[in-house]
Amino acid sequence: MSDAESPGSEETPRFTDKRRIDPETGAVREPAPPEGGALDPLADLDFETPATTGELVPSHQLEAAEALAAERLDELQRRNAAYFNLETQYSNYVKRSKADGAIQREEGVVSVAEALIGVLDDIDLARQHGDLVGPFASIAEKLEQTLQRFGIERYGEVGEVFDPTVHDALMHGHSPDVTEPTVQAVLQPGYRVGDRIVRAVRVAVVDPDA
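Predicted model, so just to flag it, every value in this text is computed and none were measured. (Residues numbered from 1 in each chain as written. Predicted model: local features only at pLDDT ≥ 70, side-chain atom pairs only at ≥ 80, totals over all residues. Heavy atoms only, no water.)

(A) Structural view of the nonpolar core. V109, V110, A113, I117, L120, L147, I152, Y191, V193 and V198 form the largest nonpolar core, which has ten residues in total. Listing elements by their share of this core, those giving two or more residues are α1 (59–128) and β8 (190–193). The residues touching Y191, leaving out its near neighbours within four places in the chain, are I117, L120, D121, I152, E153, R154, Y155, I197, V198 and R199. By size, the runner-up hydrophobic cluster in this structure holds six residues, among which are V166, V201, V203 and V205. (Core = buried A, V, L, I, M, F, W, Y, C linked by side-chain atoms within 4.5 Å. Buried < 20%, exposed > 50% of the residue type's maximum accessible area, 1.4 Å probe, protein only. Helix = DSSP H or I, 4+ residues; strand = E, 2+ residues; numbered from the N terminus. Contact = heavy atoms within 4.5 Å.)

Below is the structure:
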């Protein structure tokens, strides 16, 4: 196939030679020049312009294609929106699950602390009286360490400023040595889990002299 016939190449214009040939000599008879003018060498050549092979797309087909493209784009956008909404709902579900799990864990730790407060008070009294010795002392220490790992904290110290939100005042007195209500003695230690009070520390409080 020549370059002129290959797909995509431009077609060569065709022409027809209408000049006559002399049968005796075989020579081409040149036409006589017109009066008052020169002979046009291309006068007897009939050029044919090649037909156009491409066709224009009708307007209604173009409109249909544009409508179909718009429909597919709208469908894709709807699917993306639905996927994003589903992903957001799942993310919120995970967050709620974690928050609920943390709350349930804290409730469980608080319940354990409340159940063991009586035992912890006995251990504290035994320590104050010097009775916390031998295997019992080792067991008590391990119990307290285990509770600390779960966030159960014992609190309350002599000399703290009295705070009714975390202290339970069982006794009151006056003292010239203080300028504000102060914890004079810890009668029973308090226990808390994080910021949550399981039992407020029970204290004796002294107020400044009037």
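Moving on, there is more to tell.
(B) Here's a closer look at the packing of aromatic side chains. Counting across every chain of the model gives zero aromatic pairs. The lysine or arginine in question, R192, covers the ring of Y155, its NZ or CZ lying 4.3 Å from the ring centre. (Phe/Tyr/Trp six-rings, centres within 6.5 Å; stacked < 30°, edge-to-face > 60°. Lys NZ or Arg CZ within 6 Å of the ring centre and 35° of its normal.)

(C) Here's a closer look at the sheet that holds strand β5 (residues 152–155). The sheet built from three strands is open, its strands ordered β5-β8-β9 with antiparallel pairing. Two strands lie at the open edges of the sheet, namely β5 and β9 (196–199), each paired on one side alone. Sheet twist, expressed as the average angle between the axes of neighbouring strands with direction ignored, equals 35 degrees. Summarising the sheet, β5 and β8 pair through four bridges and their orientation is antiparallel. (Pairing = 2+ DSSP bridges. Axes fitted to C-alpha atoms, helices over the stretch in contact; angles between N-to-C directions.)

(D) Main features of the pattern of salt bridges. Within this structure, the stated rule accounts for ten salt bridges. Across the salt bridge formed by D124 and R154, the nearest N and O atoms sit 3.7 Å from each other. Here R154 lies in strand β5 and D124 lies in helix α1, a separation of 30 residues in the sequence. Notably, a salt bridge pairs R192 with E153, separated by 3.4 Å at the nearest N-O pair. You can see R192 sitting in strand β8 and its partner E153 sitting in strand β5, a full 39 residues away along the chain. (Salt bridge = Lys/Arg side-chain N within 4 Å of Asp/Glu carboxyl O.)

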